[in-house]
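This is what each chain is made of:
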Amino acid sequence: MSGNEKAIAALLLQREIEAFYYHEAELLDERRFEEWLDLLADDISYFMPLRRNVKYGTHDAQENSRAGQDAAWFDEGKHTLTQRVKQLKTGIHWAEEPLSRVRHLVTNVQITPTGNAQEIDVKSRFLVYRNRVDDETDIFVGQRTDRLRHTDAGWKVARREILLDQSTLLAKNLTFFF
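Residues numbered from 1 in each chain as written. Predicted model: local features only at pLDDT ≥ 70, side-chain atom pairs only at ≥ 80, totals over all residues. Heavy atoms only, no water.

K.L.:
Please explain the overall build of the protein chain as it appears in this structure.
P.N.:
When helices and strands are tallied, the protein chain shows four helices and six strands. Going from the N terminus to the C terminus, the protein chain shows its helices and strands as α-α-β-α-β-α-β-β-β-β. Here the C-alpha radius of gyration of the protein chain, 17 Å, is about what a compact globule of 178 residues would show, namely 16 Å. Its C-alpha atoms give the protein chain principal-axis dimensions of roughly 55 × 45 × 30 Å. For the protein chain, the proportion of its 178 residues judged to be buried stands at 40%. In the protein chain, the share of contacts with a sequence separation of at least 24, taken over all contacts with a separation of at least 6, comes to 61%. Counting every atom, the protein chain has about 10300 Å² of accessible surface; 52% of that belongs to carbon and sulfur. Each charge class in the protein chain was averaged separately, 25 positive and 29 negative side chains, and the resulting centres sit 2 Å apart. (Helix = DSSP H or I, 4+ residues; strand = E, 2+ residues; numbered from the N terminus. Rg over C-alpha atoms; globule rule 2.2 N^0.38 Å. Buried < 20%, exposed > 50% of the residue type's maximum accessible area, 1.4 Å probe, protein only. Contact = heavy atoms within 4.5 Å. Areas by Shrake-Rupley, 256 points an atom, 1.4 Å probe, with all protein chains shown as cover. Lys, Arg positive; Asp, Glu negative; His and termini not counted. Charge placed at Lys NZ, Arg CZ, Asp CG, Glu CD.)

K.L.:
Just checking my understanding: could you explain a nonpolar patch on the surface for this structure?
P.N.:
Residues Leu105, Leu127, Tyr129, Ile139 and Val141 make up a contiguous nonpolar surface patch of about 400 Å² in total accessible area. Mapped by element, the contributors of at least two residues to the nonpolar patch are strand E4 (119-132) and strand E5 (136-151). Along the chain, the position of Val141 falls in strand E5. On the basis of relative accessible area, Val141 is assigned to the partly exposed category, the value being 31%. (Patch = residues over 30% accessible without salt bridge, like charges linked within 9 Å, V, L, I, M, F, W, Y side chains within 5 Å. Salt bridge = Lys/Arg side-chain N within 4 Å of Asp/Glu carboxyl O.)

K.L.:
Even after reading the chapter, I still don't get the side chain of His104, so can you show me in this structure?
P.N.:
In this fold, His104 is placed in strand E3 (residues 101-113). A polar contact is formed between the side chain of His104 and the side chain of Asp29, at a distance of 2.6 Å. A distance of 2.6 Å separates the side chain of His104 from the backbone oxygen of Phe177, its partner in a polar contact. Among all residues touching His104, those that are not within four sequence positions of it are Ala25, Leu28, Asp29, Leu127, Val128, Phe177 and Phe178. (Polar contact = N/O pair within 3.5 Å; in protein donor to acceptor, adjacent residues only side chain to side chain.)

K.L.:
What exactly am I supposed to notice about the pattern of salt bridges here?
P.N.:
Pairs may arise between side chains of opposite charge once their charged atoms sit close together. Applying the stated criterion across every chain, the model contains 15 salt bridges. A salt bridge links Glu76 to Arg84, with the shortest nitrogen-to-oxygen separation between them at 2.7 Å. The exposure class assigned to Glu76 is buried, which follows from its relative accessible area of 16%. Accessibility expressed as a relative area gives 15% for Arg84, which makes it buried. Arg159 is the salt-bridge partner of Asp121, the closest N and O atoms lying 3.8 Å from each other. Here Asp121 is found in strand E4, whereas its partner Arg159 is found in strand E6 (residues 154-164), with 38 residues between them in sequence.

K.L.:
What am I meant to see in the packing of aromatic side chains here?
P.N.:
How two aromatic rings sit relative to each other is set out by the distance from centre to centre and by the angle between their planes. In the structure shown here, the tally under the stated rule is ten aromatic pairs. By way of ring pairs, the aromatic residues Phe33, Trp36, Tyr46, Phe74, Phe126, Phe140, Phe176, Phe177 and Phe178 are connected into one cluster. (Phe/Tyr/Trp six-rings, centres within 6.5 Å; stacked < 30°, edge-to-face > 60°.)

Here it is in structure tokens:
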């Protein structure tokens, strides 16, 4: 493959992955959670660590809680994500009555090859806005690091790590997805 062909292939992949993320955001914003679950690999790891304010020089080791070892906002797989969707769809979820209005914005999509032709690593930045009832407004900003896997059904999220820029959450609940 020539240099020009590689550049075109990289641009096409960039556009494909951005379209995947825009579609995912639309599914979440429109509460089409079952369709969103179809975008997740069966072996997904969905993790959002707690962020701590730590002394300079200790960030790498101490700023974020560790998957499977420490407390986290989310440390889930496909089964628990599916259970959360089922709970939301009952219509009697106390924290979602009335329903939240949520918007996901995704930007700064950066793709890195993994060495496996079927998988890529993708970093993106996000802003999630939520409004509930008359006066509850929450804004979440951060970074997602995903492992995407190409399957016969298209791209699937095989791993997602969500890093919020906030270390203290003022939201009353986290009933939505990132």
